[in-house]
Structures are given as structure tokens and as C-alpha cells.
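Report on the structure
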Amino acid sequence: FYFHCDDKMSAHVKLLLNIIFGYNNFRSKICWQRNFSPGSGRKFQAKKYSRNVDFIFYYTKSKDYYFNCPSIPMDQEKIIKGFNKNDGDGKGDYYWAPFNYMPKEDVLKKGIENKTIQYKEGNKYPCYKKYKNDSDLNIKIGNLWTDIKPVMGKKRNYPTQKPLSLMERIIKASSKEGDLIGDFFLGGGTTIIAAELLNRKWFGTDINHRAIQITSKRLENINRIQNVHFKIDGIPMTSQDLKIALNNSKKYGIKISAFKVEDLVCKYYVKNITIFGHNDSNKRNDGGIDGIYFVNYKGKKYKGIVQITTGSNLSHFKSFSNNLLKDKELFGVYIAFRDKITSGMKKEALSFGEKFGIPVLQIITFEELLDEGKLIKVPQEILTF
């Protein structure tokens, strides 16, 4: 079990983990240097040291566990400088390495006779010829990890996304191919990607739909296909499933907004829509807009707005359609359940006519999206020959 945290809560977390897993099952506290910049400007105006490291607590279930200590190749320049002697005996380069104990008398006598062991002045124990060809030229890694850089800038899909090399090191150290890896806080999905690439079985969970969407997208990017190589549980994939989930949210006293239907539609059911308003103040003043998208037609970019609702009526629909009256360049998409769409709403939508061969205002039902795979209509370029 590996638990990552910063210095703010590390002491508290350590006490809790000792209670959960047992003090005797604590194996190591890894210090990961995640910040390689010394810092400047406002960071150093504060009266404190810059924060350059995070901590990873490592526990096992018992004393019987698998561990393959990570290692990195020794620097070639150090190898050349270290193994700097050669007797021409065909055994290759070597250096005189000190014993950290006194060898048995017969081993010592034989080594001195064949000149593979000798005493050096000032050494408590004798030295032996350590040949490069017989040596492990990898350096075992301790609990200070300074060679893995964090994910920065545009490469980061999620605020707490871990580097792939960090998760690969942990997985290789504590599992074999075919073992099961679990990540209970998916985040950017790096643990799952590392497990998949290293031929481990895996599962991941997260309360945040965004984390699940990012992880599934990253799996697709390495040619893994949903429902073939992996499946998603807990996300409604049919209109009936969505209705059940919404009813359950009411049943257990959870507000509809907490279920984030807009998130589900924009991230799972319809591609390339950006959720409008990422904080509460924006959502309160969104003018009936839940998402936006853009289409290109004949070299010009046009904007589309989306309204997603689980309960609708003509008045609500007209409130959304008024946005299109204010801006003649806009397209509109209204998404609701089929039984909420009235003839008046359909008539209102038709009144906006078409532009570039598609309706200016489209009505799409959840049933069409989830059950029939219907997509938003976008203008098609007219090809001339």
C-alpha cells in the first residue's frame, strides 16, 4: 500500500496508517523531490523554506511480501573511473574492494596465493579484486527519489497528476506481471496507465467523473477500447440507467446538481463540448447555457451553445432560445428527456430555420444520445470538383 501526501498532513496520515495497517507493517517513508526549481520571486519573499518534496508512505499486509528493489544504471563515467585496473588475465577490468568482514582462513590464504586478495595499509579488513564483468552495475535506490520530475504545463491533464515513471517504479517494486493493482483515487489515471503498460490487472475508482473521463481517454490513446479492454461501471450508459441514477439521488436526499448531469453529457455522451462555468458564480449567471462547442465552416469558426436539463417546459426552452435571438451567429442544442419535449418546443425550434444545411436550434433527447448514439449536427463543407 502506497499513500502520497505533502508535508501539511504527513504526520497525521502516518498515525492513521499505523492504526489501519499496523505499526510493524510500515516499511518506508519515501521522499520524492517533485520540485527541481529553487524558486524565485514571491515564493522566497515568504518567511519559510520552499517546499520541494512530497512523501509516499509504504506499508505491507504482513512480513511476507514481494519486493523488487528499484535500481538505476550506474553512470558510465563512474564505471570507467572505478574499474580502472586490468592485469591482462582475460578477466577484464577490476578494482580493489575492501571486505566488510574477515574472510575465512582458507579463503584468505587461497586469495593471497593467487593474488586476488591483498592487505592494504590502514584497512581493518583485506581487499579483493572486484571485476566489472562479475558486478551488478545498477545502483539500488533508497527512500530519497531525486530523479523523477513532476508533470508540468500542458502535459498535465489533472491537478494532482503523477509522472508515469513514478508509478512504474512503484508497481515494478511491489508486483509481478499479472498481479492486481488498485487505485482508489484515479485522478489523472497514471497508475492505471502504468499498470496496463506493465501487464498488470487493475481497477480504479473515483467520485469525480472528470477523473474517470481522463483515464478512459488516456486508455484510448494507448489503443485500449472501452468494453473490449476495459469497462466503466457507475456511469449511466443508457437513458434508463440515467433515470434510475437521478431517482436515487432524490431518494437519498442528494441534490440533482450534485449528480452533475451536465458533466456526464459533456464528457461521456457528447464529445468536444466544454462545460460552461467551472465555478458556482459562473453557473448561477450562465444565462441557461451549460456547455459550448465550436465548428468550422469555410474557414470561419462558429459557436454553439448547449442547454442540458432533466426537467423542461416551453418557458424554460424559450429562455434558452432567446440566446440565439441575441446573437445571430450562434447555433443551439437543447438536451432533455423525450417525454419532456412538447409540440410547442418543436415548433419554436423549427422557427429558427437552418444555416449551412443544419438546424440553427436542435433538440436532442437523452434517449437519442445514450440509446441511439445520435450526435450533434454540424455544418458539412460543400465539396466542388
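It should be noted that the structure appears before, not after, this text.
Below: a short report on this structure. Keep in mind that what you see is a predicted model, and the values were worked out from it rather than measured.

Before going further, it helps to examine the overall build of the chain. Counting secondary structure elements, the chain contains 13 helices and 18 strands. In the chain, the proportion of contacts linking residues at least 24 apart, taken out of those at least 6 apart, comes to 60%. For the chain, the accessible surface area stands at approximately 24,500 Å², while carbon and sulfur atoms represent 52% of it.

Using the criterion set out here, one finds 18 aromatic pairs in the structure. Their ring planes at 50° and their centres at 6.3 Å tell us that Phe331 and Phe356 sit as a pair that is tilted. Residue Phe331 is located in strand E15 (residues 331-336), and its partner Phe356 is located in the loop between strand E16 (354-355) and strand E17 (358-359); the two are separated by 25 residues in the primary sequence. When the ring centre of Phe55 is taken as origin, the NZ or CZ atom of Lys29, which lies over that ring, is 4.3 Å away. The side chain of Lys129 reaches across the aromatic face of Tyr94, ending 4.8 Å from its centre.

What follows concerns a nonpolar patch on the surface. Taken together, the side chains of Leu180, Phe184, Phe185 and Phe203 define a hydrophobic patch exposed on the protein surface, amounting to about 470 Å² of accessible area. When you line up the elements, Leu180 lands in strand E10 (residues 180-183).

Next up on the list: the sheet that holds strand E7 (residues 127-131). Two strands in a sheet stick together by hydrogen bonds in their backbones, pointing the same way (parallel) or opposite ways (antiparallel). A sheet is described by the order of its strands in space; here three strands give the open sequence E5-E7-E6, paired in antiparallel fashion. Strands at the two margins of the open sheet, each flanked by one partner only, are strand E5 (94-98) and strand E6 (117-118). Here E5 pairs with E7 via five bridges, running antiparallel. When the sheet's bridge partners are listed, Tyr94 is paired in E7 with Tyr131.

Below, the discussion takes up the packing of helix H5 (residues 190-197) against helix H6 (residues 209-221). In a packed pair of helices, the relevant descriptors are the angle between the two axes and the axis-to-axis distance. Contact geometry for H5 and H6: axes closest at 9 Å, N-to-C directions at 30°. The angle between the axes of H5 and H6 places the two elements in the roughly parallel class. Crossing geometry of H5 relative to H6 is assigned as right-handed. For the pair H5 and H6, contact is made by Thr190, Ile192, Ile193 and Glu196 and by Thr215, Arg218 and Leu219, respectively. By residue class, the composition of the contact of H5 with H6 is three nonpolar, two polar and two charged.

For the rest of this paragraph, the subject is helix H1 (residues 10-21). Here H1 contains 12 residues, and its C-alpha end-to-end distance of 16 Å stays within 8% of the 16 Å for a straight helix at 1.5 Å per residue. Along H1, the residues classified as buried are Ser10, Val13, Lys14, Leu17 and Asn18. Take H1 and look down its axis: the buried residues cluster within an arc of 140°, on one side only. Seen from the open side of H1, the exposed residues pointing more than 90 degrees away from its buried face are Ala11, Leu15, Leu16, Ile19 and Ile20. In the core, the buried residues of H1 are packed alongside strand E1 (2-5), strand E2 (26-33) and strand E3 (53-59). At the exit of H1 stands Gly22, carrying a positive phi of roughly 95°.

Along the chain, the position of Ser312 falls in the loop between strand E14 (300-308) and helix H11 (314-326). Given a relative accessible area of 13%, Ser312 falls into the buried group. In contact with Ser312, not counting residues within four places along its chain, are Tyr334, Ala336, Lys340 and Met345. One polar contact links the side chain of Ser312 to the main-chain carbonyl oxygen of Lys340, over a distance of 3.4 Å.

Both E10 and strand E11 (residues 201-204) contribute to a ladder of four bridges, which runs parallel. What sits directly across from Ile181, in E11, is Trp202. You can see the chain leave E10, run along H5 and come back into E11, and the turn it takes is right-handed.

All chains considered together, the criterion is met by 11 salt bridges. When the shortest N-O distance is used, the salt bridge between Asp6 and Arg51 registers 3.1 Å. With Asp6 in the loop between E1 and H1 and Arg51 in the loop between E2 and E3, this pair connects stretches of sequence that are 45 residues apart. The partly exposed category is assigned to Asp6, whose relative accessible area is 25%. Since its relative accessible area comes to 30%, Arg51 is described here as partly exposed. Each member of the salt-bridge network shares a partner with another, and the members are Asp6, Asp7 and Arg51.

Okay, the sheet that holds E1 next. Ordered in space as E1-E3-E2-E9, the four strands form an open sheet in which the pairing is mixed. With one partner strand each, in any of the chains shown, E1 and strand E9 (144-145) form the two edges of the open sheet. Across seven bridges, the pairing between E2 and E3 is antiparallel. Bridge pairing in E3 links Ile30 to Ile56. Sitting on the sheet, H1 is in contact with E1, E2 and E3, with an inclination near 5° to E3.

Criteria and cut-off values
Residues numbered from 1 in each chain as written. Predicted model: local features only at pLDDT ≥ 70, side-chain atom pairs only at ≥ 80, totals over all residues. Heavy atoms only, no water. Helix = DSSP H or I, 4+ residues; strand = E, 2+ residues; numbered from the N terminus. Contact = heavy atoms within 4.5 Å. Areas by Shrake-Rupley, 256 points an atom, 1.4 Å probe, with all protein chains shown as cover. Phe/Tyr/Trp six-rings, centres within 6.5 Å; stacked < 30°, edge-to-face > 60°. Lys NZ or Arg CZ within 6 Å of the ring centre and 35° of its normal. Patch = residues over 30% accessible without salt bridge, like charges linked within 9 Å, V, L, I, M, F, W, Y side chains within 5 Å. Salt bridge = Lys/Arg side-chain N within 4 Å of Asp/Glu carboxyl O. Pairing = 2+ DSSP bridges. Axes fitted to C-alpha atoms, helices over the stretch in contact; angles between N-to-C directions. Parallel < 35°, antiparallel > 145°, perpendicular 65-115°, else oblique. Left-handed = near helix turned anticlockwise from the far one by under 90°. Nonpolar A, V, L, I, M, F, W, Y, C, P; charged D, E, K, R; others polar. Expected span 1.5 Å × (residues − 1). Buried < 20%, exposed > 50% of the residue type's maximum accessible area, 1.4 Å probe, protein only. Arc of directions from axis to C-beta. Polar contact = N/O pair within 3.5 Å; in protein donor to acceptor, adjacent residues only side chain to side chain. Right-handed = clockwise from strand over helix to strand, strands pointing away.

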